[in-house]
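Working through the structure, step by step
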Amino acid sequence: MIDVLLGLQWGDEGKGKIVDYFAPNYDIIARFQGGPNAGHTLYVNGNKIVLHQIPSGIFHEGIVNLVGSGVVLDPVTLKKEFDKVAEFGVDARKNLYIAERTHLILPTHRALDKASELSKGTGKIGSTLKGIGPAYMDKTGRNGLRVGDVLDKNFTTQYIRLRLKHQKLLDSFGFQEDITAWEEEFFEALELIRQLNIVPGEYFINDQLRNGKKVLAEGAQGSMLDVDFGTFPFVTSSNTISAGVCTGLGVAPQKIREVIGVSKAYCTRVGSGPFPTELLDDTGELLRKVGNEFGATTGRPRRCGWIDLVALQFACMINGVTQIVMTKADVLDGFEELNMCQQYQINGKATSVVPYQMMKTEIEPLYTSVPGWKTDISALKSFDQLPDGMKEYIRQINAFLGVPVRYISNGPGRDQIIEAPKA
Ligand code: GDP
Ligand code: IMO
Ligand code: MG
């Protein structure tokens, strides 16, 4: 059986920490989409580490970590990450498996990402510039190279052919940068890839499932960044939602049991695009400061705002969320009053529907307010100890979404998590 854990907002919900926490309950942790645009922060023995390509179960001995075929893989990032986890005494070679169908991010994909963003000017997406869009374009355009190809003796020829195609595109953008150093790094990193456990991912995972193993599928990005259902075109290029698990791992939908949605107790977004509850005032600034809201991959300041229940309800619907983990609840500790967006006002009418073209729609969030709890919750260990104001905040979320908040994360540490009683 497979449980899925994914982000319900615009990414950075704290998925890495929560996967690390749940990992001991599973045999396999599998990434099913995205690539090095992800930045999943974990604290291991009090030390911070950010993972981009390796699944967040890598610090647990005996757990298999699978990079599924729906992921796009940058060998250079992977190699750097190998060195990073080695500093923690982990040899990722042992427990990391990579699906042979996984598409590769080439140096020219990164260049194309940059060139494309530059050409968009003020309309830029705010991409992490990791080559995600161009790599997925080559996948759906049926040009891309895959991890399995690296083992082929003709790989370099295939690479040169695709590189020539990319060069024409780069020329049309007027892109002048020299990427020789990137290419050197890339070919060096391929040597590592060739030594790894490259497997037919779909057989690998289905065999494990048949043998009764438990899998946790780890999402990257968030539901509002999904290429189909997010705030298009300000999205990433993969299916971040639960449906992406089937296509990204090669498993059937009936194998999925729980869909665990991770949501911050408020909202953030990094990069461009619509964000109805964004706070451009001192309150937004305070959220960013207290929540330390700076991107784990790019270091950019994250935009901050109140919790958006309209968007969350939409995310619960498209994912079939069965339980919610609410993270960064402690960040709200000092606020006098908290707002929750329960409807959007569009053209003078209140609605609970997320419009298909959010960017071109004037959305005014309609809020209900609750008093803040003004208590430091970061050291609390049980639900009973939580302040009443916070219990009320959670009660309202449960009632609105019809999906229970089952865990509350009250700090970045591994042990800072509280289980809520079953309703
Ligand atoms: P991910 O991409 O979803 O894994 O999330 P990121 O790692 O990009 O961002 C989440 C940030 O919040 C990281 O810096 C985490 O260490 C931190 N974090 C996670 N959970 C909590 C929490 O409950 N409270 C606080 N204060 N920080 C948290
Ligand atoms: P994790 O897994 C937050 C955002 C970028 C940009 C848009 C497209 O850490 O939650 P891309 O590089 O995919 O072309 O960027 O998506 N984005 C993320 N925002 N967390 C992420 O991942 C993100 N991955 C991409 O900022 O707006
Ligand atoms: Mg992140």
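On a predicted model such as this, the values are computed, not experimentally measured, just so you know. (Residues numbered from 1 in each chain as written. Chains lettered and ligands numbered in written order. Predicted model: local features only at pLDDT ≥ 70, side-chain atom pairs only at ≥ 80, totals over all residues. Heavy atoms only, no water.)

**Section: the pattern of salt bridges**
Across all of its chains, the model carries 21 salt bridges by this definition. For E293, the salt bridge identified is with K264, shortest N-O distance 3.1 Å. Of this pair, E293 sits in the loop between α10 (282-290) and β13 (303-305) while K264 sits in strand β11 (residues 256-264), and the two are 29 residues apart along the sequence. The exposure class of K264 is buried, given its relative accessible area of 0%. Of the charged contacts in the structure, one is a salt bridge between R395 and E392, with a shortest N-O distance of 2.9 Å. Taken together, the positions of R395 and E392, both in helix α12 (residues 388-401) and three residues apart, correspond to about one turn of that helix. Since its relative accessible area comes to 45%, R395 is described here as partly exposed. Here the residues in one salt-bridge network are D12, K264, E293, R302 and K328, joined through shared partners. (Salt bridge = Lys/Arg side-chain N within 4 Å of Asp/Glu carboxyl O. Helix = DSSP H or I, 4+ residues; strand = E, 2+ residues; numbered from the N terminus. Buried < 20%, exposed > 50% of the residue type's maximum accessible area, 1.4 Å probe, protein only.)

**Examining the domain arrangement of the chain**
Interface size is commonly expressed as the accessible area that is lost once the parts come together. For the chain, the domain assignment lists domain 1 (2-101 + 198-259), domain 2 (103-193) and domain 3 (264-419). For domain 2 versus domain 3, the separation of C-alpha centres amounts to 36 Å. In this assembly, six residues from domain 2 lie in contact with five residues from domain 3. Between domain 2 and domain 3, a total of about 350 Å² is buried, with carbon and sulfur atoms accounting for 46% of that surface. (Domains from an automatic or database assignment. Contact = heavy atoms within 4.5 Å. Buried area = accessible area lost by both parts, 1.4 Å probe.)

**A short note on the environment of E218**
Relative to the elements of secondary structure, E218 occurs in strand β10 (residues 215-218). In the structure, E218 is positioned 187 residues away from R31 in sequence and 4.9 Å away in space, judged by C-alpha atoms. At a separation of 2.6 Å, a polar atom in the side chain of E218 contacts the side chain of S56. (Polar contact = N/O pair within 3.5 Å; in protein donor to acceptor, adjacent residues only side chain to side chain.)

**Brief notes about the site of ligand 1**
Close to ligand 1 lie 19 residues, the nearest being G14, K15, T41, D330 and S409. Taking G16, its main chain carries an N or O atom lying 2.8 Å from an oxygen atom of ligand 1. T41 places a side-chain nitrogen or oxygen 2.5 Å from an oxygen atom of ligand 1. Coverage of ligand 1 by the protein chains reaches 93% of its 580 Å² of free accessible surface. Among the elements of the structure, α1 (15-22) and β3 (40-44) are those that each provide at least two residues to the shell around ligand 1. Broken down by class, the residue content of the shell around ligand 1 amounts to four nonpolar, eight polar and seven charged. (Near = heavy atom within 4 Å. Areas by Shrake-Rupley, 256 points an atom, 1.4 Å probe, with all protein chains shown as cover. Nonpolar A, V, L, I, M, F, W, Y, C, P; charged D, E, K, R; others polar.)

**Overview of the layout of surface pockets**
The computed volume of the second largest pocket comes to approximately 580 Å³. Surrounding the second largest pocket, 28 residues form its lining, T41, G291, R302, K328 and P412 being those nearest its centre. Looking at the lining of the second largest pocket, its residues break down into eight nonpolar, 11 polar and nine charged. Two domains each provide a minimum of three residues to the lining of the second largest pocket, namely domain 1 (2-101 + 198-259) and domain 3 (264-419). (1 Å grid on protein atoms, 1.4 Å probe; cavity = no way out; pocket = protein on both sides within 12 Å on 5 of 7 lines; lining within 4 Å. Points joined across faces, edges and corners; volume = space filled by probe spheres on them.)

**A look at helix α2 (residues 75-86)**
Residue pairs spaced three or four apart in an α-helix point in one direction, given the helix's 3.6 residues per turn. Across its 12 residues, α2 extends 16 Å between first and last C-alpha, which sits within 8% of the 16 Å expected from 1.5 Å per residue. Turning to α2, the residues buried within the fold contact β4 (47-51), β6 (72-73), α3 (92-95), β7 (96-99), β8 (103-104) and α7 (180-195). The backbone nitrogen of V76 has a side-chain oxygen 2.9 Å away, supplied by the residue at the start of α2, namely D74. (Expected span 1.5 Å × (residues − 1).)

**What about the side chain of E183?**
Looking at the secondary structure, you find E183 in helix α7. What makes E183 buried here is its relative accessible area of 15%. E183 has contacts with P107, Y159 and R163, leaving out every residue within four places of it along the chain.

**Quick look at the pairing of strand β16 (residues 337-346)**
The buried fraction of β16 is high, at seven of 10 residues. Bridge count for strand β14 (residues 307-308) against β16 is two bridges, and the pairing is parallel. Among the inter-strand pairings, I307 is bridged to a residue of β16, identified as M340. The pairing of β16 with strand β18 (residues 363-371) spans nine bridges and is classified as antiparallel. Within β18, the position partnered with Y344 by the bridge is P365. Where β16 meets strand β17 (residues 349-351), three bridges bridge the pair, whose relative direction is antiparallel. When the sheet's bridge partners are listed, Q345 is paired in β17 with A350. Hairpin remark: β16 followed by β17, antiparallel, with two residues in the connecting loop; positive phi at N347, about 50°. (Pairing = 2+ DSSP bridges.)

**Some details on the nonpolar core**
Grouped together as the largest cluster of nonpolar side chains are 55 residues, with contacts concentrated most on L249, M326, L332, M390, Y393, I397 and I408. Per-domain counts for this core show at least three residues from each of domain 1 (2-101 + 198-259) and domain 3 (264-419). Those residues in contact with Y393 that sit more than four places away from it in its chain are A265, I307, M326, L332, L338, M340, V370 and W373. (Core = buried A, V, L, I, M, F, W, Y, C linked by side-chain atoms within 4.5 Å.)

**Focus: the site of ligand 2**
Taken together, the neighbourhood of ligand 2 is formed by 20 residues, with D12, K15, H40, T128 and T236 sitting nearest. G126 places a main-chain nitrogen or oxygen 3.3 Å from an oxygen atom of ligand 2. Within the contact set of ligand 2, an oxygen atom lies 2.9 Å away from a side-chain nitrogen or oxygen of R300. Taken by itself ligand 2 offers 550 Å² of open surface, and the protein chains cover 97% of this. Residues of the shell around ligand 2, tallied by class, amount to seven nonpolar, 10 polar and three charged.

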